[in-house]
Amino acid sequence: MHWKQFLTPVQSVAPQKALAMLNSDSSIQLIDVRQPVEYSDGHIPGARLIPLGNLLDQLCELDKEKPVLVYCAIGGRSRVAAQLLSGQKFKNVYNITGGLKSWKGWESTGEYDQGLQLFTGLESLEEILLVAYTMELALNEFYTEMANHVTNEQAASLFLSLANIEKEHETNIASQYAEFTGKVFPKNLNASETLEGGLTTAEYMSRLGADMETPHDILIFAMSIECQAMDLYLRTSDKAPNAAIKKELLLLSSEEKSHLNRLADVMDSIYVSKE
């Protein structure tokens, strides 16, 4: 250990700048150096959990040629981590100022391995796209069922709109399947037991405790699911066996982010209509 590395100045970026970097460069390695229990309570989507005490032992998992963004709770541990990485010859290392406390972007919850079992051992684009499709199908069916279940007409209309968004994504995935495999998309696939993001309906309901008769809570619920899905695809991409699969997982993540932005626009329109 070379202690002088901890006296080396590190580059720090504001959360807004870090968000812009993540949106523009998919090669950035985002590292959360907090403890697992902190990560489970909330983290930036796609962040790889490497507690500060484990960082030296897990350096081999990172690419020294690619940029690294590190964060912790308020910025102290991540500054140390950034200095350590710089001392280990990582070329472009950035510390997010203020840590997660100052973060204003999307957040996810759950353990680092949450949902990854859905993709364990998958070696082909075909299998990944089929898993993604069945999760979309499950969410579509849930929204459709809720539209028929709620008594609030505005809530019912919103659920149908959400179901249509999922239907669009199902169509996109089927199109990607045909493009990448050259096969006709299978008919009569059954919905997965899990929704986007790797949790079951009951798990989402339990975590969020949303009032499914209230448009605001419905949108919070939907946005949380899309955020969890974006997070799952990003984390899975870290374990992709080849560049083609990694590219597809990043594309799926990008599509979930576009859904998030659409839902945010709907949320904004609800507040505007109340003014």
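Residues numbered from 1 in each chain as written. Predicted model: local features only at pLDDT ≥ 70, side-chain atom pairs only at ≥ 80, totals over all residues. Heavy atoms only, no water.

A. Looking closely at the packing of aromatic side chains. The final tally for this structure, using the stated rule, is eight aromatic pairs. A centroid spacing of 5.0 Å and a plane angle of 85° characterise the contact between Tyr 177 and Phe 185, whose relative ring orientation is edge-to-face. In terms of burial, Tyr 177 and Phe 185 fall into one category: buried. Here the aromatic cluster, defined as three or more aromatic residues joined through ring pairs, consists of Phe 142, Tyr 143, Phe 159, Tyr 204 and Phe 221. (Phe/Tyr/Trp six-rings, centres within 6.5 Å; stacked < 30°, edge-to-face > 60°. Buried < 20%, exposed > 50% of the residue type's maximum accessible area, 1.4 Å probe, protein only.)

B. Seen up close, the pattern of salt bridges. Under the defined criterion, the tally for this structure stands at eight salt bridges. One salt bridge in this structure joins Arg 77 and Glu 38, with 2.9 Å as the shortest N-O distance. Of this pair, Arg 77 sits in helix α3 (residues 76-87) while Glu 38 is found in helix α2 (residues 36-41), placing the two residues 39 residues apart along the sequence. Since its relative accessible area comes to 27%, Arg 77 is described here as partly exposed. Across the pair Asp 231 and Arg 235 runs a salt bridge whose closest N-O atoms are separated by 3.1 Å. (Salt bridge = Lys/Arg side-chain N within 4 Å of Asp/Glu carboxyl O. Helix = DSSP H or I, 4+ residues; strand = E, 2+ residues; numbered from the N terminus.)

C. The arrangement of the sheet that holds strand β3 (residues 48-49) in detail. A sheet is described by the order of its strands in space; here five strands give the open sequence β1-β5-β4-β2-β3, paired in parallel fashion. If you trace the sheet from one side to the other, it starts and ends with β1 (11-13) and β3, each paired once. Relative to β3, strand β2 (residues 29-32) is paired through two bridges, and the arrangement is parallel. Bridge assignment links Asp 32 to a residue of β3, and that residue is Leu 49. Contacting β1, β2, β4 (68-71) and β5 (93-96), helix α1 (residues 15-24) runs over the sheet at an angle of about 90° to β1. The sheet strands contacting α3 are β1, β4 and β5, and the helix crosses β5 at an angle near 175°. (Pairing = 2+ DSSP bridges. Contact = heavy atoms within 4.5 Å. Axes fitted to C-alpha atoms, helices over the stretch in contact; angles between N-to-C directions.)

D. Up close: helix α7 (residues 215-237). For α7, spanning 23 residues, the distance from its first C-alpha to its last is 33 Å, which sits close to the expected 33 Å at 1.5 Å a residue. When you tally the buried positions in α7, you get 18 out of 23 residues, the bulk of the element. (Expected span 1.5 Å × (residues − 1).)

E. View of the confidence of the model for the chain. In the predicted model, the chain carries a mean pLDDT of 89, and the fraction of residues at 70 or more is 93%. The least confident element of the chain is helix α6 (residues 201-208), whose mean pLDDT is 79; the most confident is β4, at 98. (pLDDT = per-residue confidence, 0-100.)

F. Fine view of the nonpolar core. In this structure, Tyr 143, Phe 159 and Leu 162 are the most contacted members of the largest nonpolar core, which totals 31 residues. Counting residues per element, the ones that place at least two in this core are α4 (125-149), α5 (153-181), α7 and α8 (243-274). The element contributing the most residues to this core is α7, with eight residues. The residues contacting Phe 159, other than those within four sequence positions of it, are Tyr 143, Met 146, Ala 147, Val 150, Met 212 and Ile 218. Of all hydrophobic cores here, the second largest spans 19 residues; its members include Leu 129, Leu 137, Ala 174 and Tyr 177. (Core = buried A, V, L, I, M, F, W, Y, C linked by side-chain atoms within 4.5 Å.)

G. Looking closely at the environment of Ser 24. Position of Ser 24 relative to the elements: it lies in helix α1. A relative accessible area of 64% means that Ser 24 is categorised as exposed. For Ser 24, the side chain forms a polar contact with the main-chain oxygen of Ala 20, separated by 3.0 Å. (Polar contact = N/O pair within 3.5 Å; in protein donor to acceptor, adjacent residues only side chain to side chain.)

H. Region of the structure containing the side chain of Ser 253. By the secondary structure assignment, Ser 253 is in helix α8. The class for Ser 253 is buried, based on a relative accessible area of 4%. Among the polar contacts listed, one links the side chain of Ser 253 to the backbone oxygen of Met 230, at a separation of 3.5 Å.

I. Local environment of unusual backbone geometry. Backbone geometry at Lys 89 places phi at a positive 75°, although glycine is not the residue there. The residue Lys 89 is located in the loop between α3 and β5 in this model. Residue classification places Lys 89 among the exposed positions, given a relative accessible area of 65%.

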